[in-house]
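Read off the chains here:
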Amino acid sequence: RIAAVDCKDIGGNQIASDQRGVVRPQDGDDDGAAKCDIGAYEAEYLPILTVNTELDEFDTNDATCSLREAVQSVNNDMPFGGCNLGSRGYVTITVPAGTYILTQAWNGDINNDNTVGDLNVGAAMTIVGAGAHTTVIDAGRIDRVMSIEGNHTVTVKDVTLTGGDATAAGSGGGIDNIDANLTVD
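Described below are features of the structure shown in this document. A quick note: this is a predicted structure, and the numbers were derived from the prediction, not measured. (Residues numbered from 1 in each chain as written. Predicted model: local features only at pLDDT ≥ 70, side-chain atom pairs only at ≥ 80, totals over all residues. Heavy atoms only, no water.)

Let us now look at the packing of aromatic side chains. Evaluated as defined, the whole model comprises one aromatic pair. Each ring, one from Phe-58 and one from Phe-80, has its centre 4.8 Å from the other, and the planes form 40°; the classification is tilted. Of this pair, Phe-58 sits in the loop between strand S1 (48–50) and helix H1 (67–76) while Phe-80 is found in the loop between H1 and strand S2 (91–95), placing the two residues 22 residues apart along the sequence. (Phe/Tyr/Trp six-rings, centres within 6.5 Å; stacked < 30°, edge-to-face > 60°. Helix = DSSP H or I, 4+ residues; strand = E, 2+ residues; numbered from the N terminus.)

Structure, rendered in structure tokens:
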């Protein structure tokens, strides 16, 4: 990251925003100091939240950050369980190599709160694994793997989604996408 001099154009005028309209300057590296970036657009800090257990937990008082808890933390834009990141917006959830089996069995009730069943994504986020052959999210036939609701940008990459069952839910054994801008890579 190279700072531009005083955020001014060649004529000495203050540059208020980048070519996308993002206000300049930004704290692009989260060091507490807003600085202008050289180039056509301003770097924005995008927090990374790392899952540190393969267990399917949903516990507000534990020290570990499960995949389910990470999704809940980003959905609510606040720390949850062992996921201690105040997200300030769009977040990348990093899922290390391993098999993440969803075990919080769906009880048939309609829920969108991540307490049971599938992973309910309700905010903009990227979920990225260590590779499709090494990071597996398995719904264990308890529900679909993931449900995404709302007009959000969601990316799921470098993971394998398996074991989803939409029999009771009605649609989307892997991902049920309702109005999101979804990229699966």
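Glancing now at the pattern of salt bridges. Tallied over the full model, the rule gives three salt bridges. Residue Asp-56 pairs with Arg-68 through a salt bridge whose shortest N-O separation is 2.7 Å. One end of the pair, Asp-56, is in the loop between S1 and H1; the other, Arg-68, is in helix H1, and 12 residues separate them in sequence. In this pair, the class of Asp-56 matches that of Arg-68, namely buried. One salt bridge connects Arg-144 with Asp-118, and the closest N-O pair in it is separated by 3.2 Å. Here Arg-144, found in the loop between strand S6 (135–138) and strand S7 (146–149), pairs with Asp-118, found in the loop between strand S3 (98–101) and strand S4 (119–121); they are 26 residues apart in sequence, far enough to count as distant. Residue class for Arg-144 comes out buried when judged on its relative accessible area of 8%. Exposure remark for Asp-118: the relative accessible area of 3% places this residue in the buried category. Within the structure, one salt-bridge network assembled from shared partners comprises Asp-118, Arg-144 and Asp-176. (Salt bridge = Lys/Arg side-chain N within 4 Å of Asp/Glu carboxyl O. Buried < 20%, exposed > 50% of the residue type's maximum accessible area, 1.4 Å probe, protein only.)

We now examine the sheet that holds S2. The parallel open sheet is built from five strands, whose spatial order is S1-S2-S5-S8-S11. At either margin of the open sheet sits one strand with a lone partner, and together these are S1 and strand S11 (181–184). Strand-to-strand, the axes of this sheet are offset by a mean angle of 15°, without reference to chain direction. Of the strand pairs in this sheet, strand S5 (residues 125–129) and strand S8 (residues 153–157) are connected by four bridges, and their pairing is parallel. (Pairing = 2+ DSSP bridges. Axes fitted to C-alpha atoms, helices over the stretch in contact; angles between N-to-C directions.)

With parallel pairing, the three strands of this open sheet are ordered in space as S3-S6-S9. Looking at the sheet topology across the chains shown, the edges are occupied by S3 and strand S9 (160–162). Sheet twist, expressed as the average angle between the axes of neighbouring strands with direction ignored, equals 20°. Across three bridges, the pairing between S6 and S9 is parallel. What sits directly across from Ile-137, in S9, is Leu-161.

It is worth spelling out the nonpolar core at this point. Formed by 27 residues in total, the largest nonpolar core has its most connected members in Leu-67, Ile-93, Met-125, Ile-127 and Met-146. Put simply, the parts of the chain that give this core at least two residues each are H1, S2, S4, S5, S7 and S8. Counting residues per element, this core draws most heavily on H1, at four residues. With near-sequence residues (within four places) excluded, Ile-93 lies in contact with Leu-49, Val-51, Leu-67, Ala-70, Val-71, Val-74, Met-125, Thr-126, Ile-127 and Val-128. (Core = buried A, V, L, I, M, F, W, Y, C linked by side-chain atoms within 4.5 Å. Contact = heavy atoms within 4.5 Å.)

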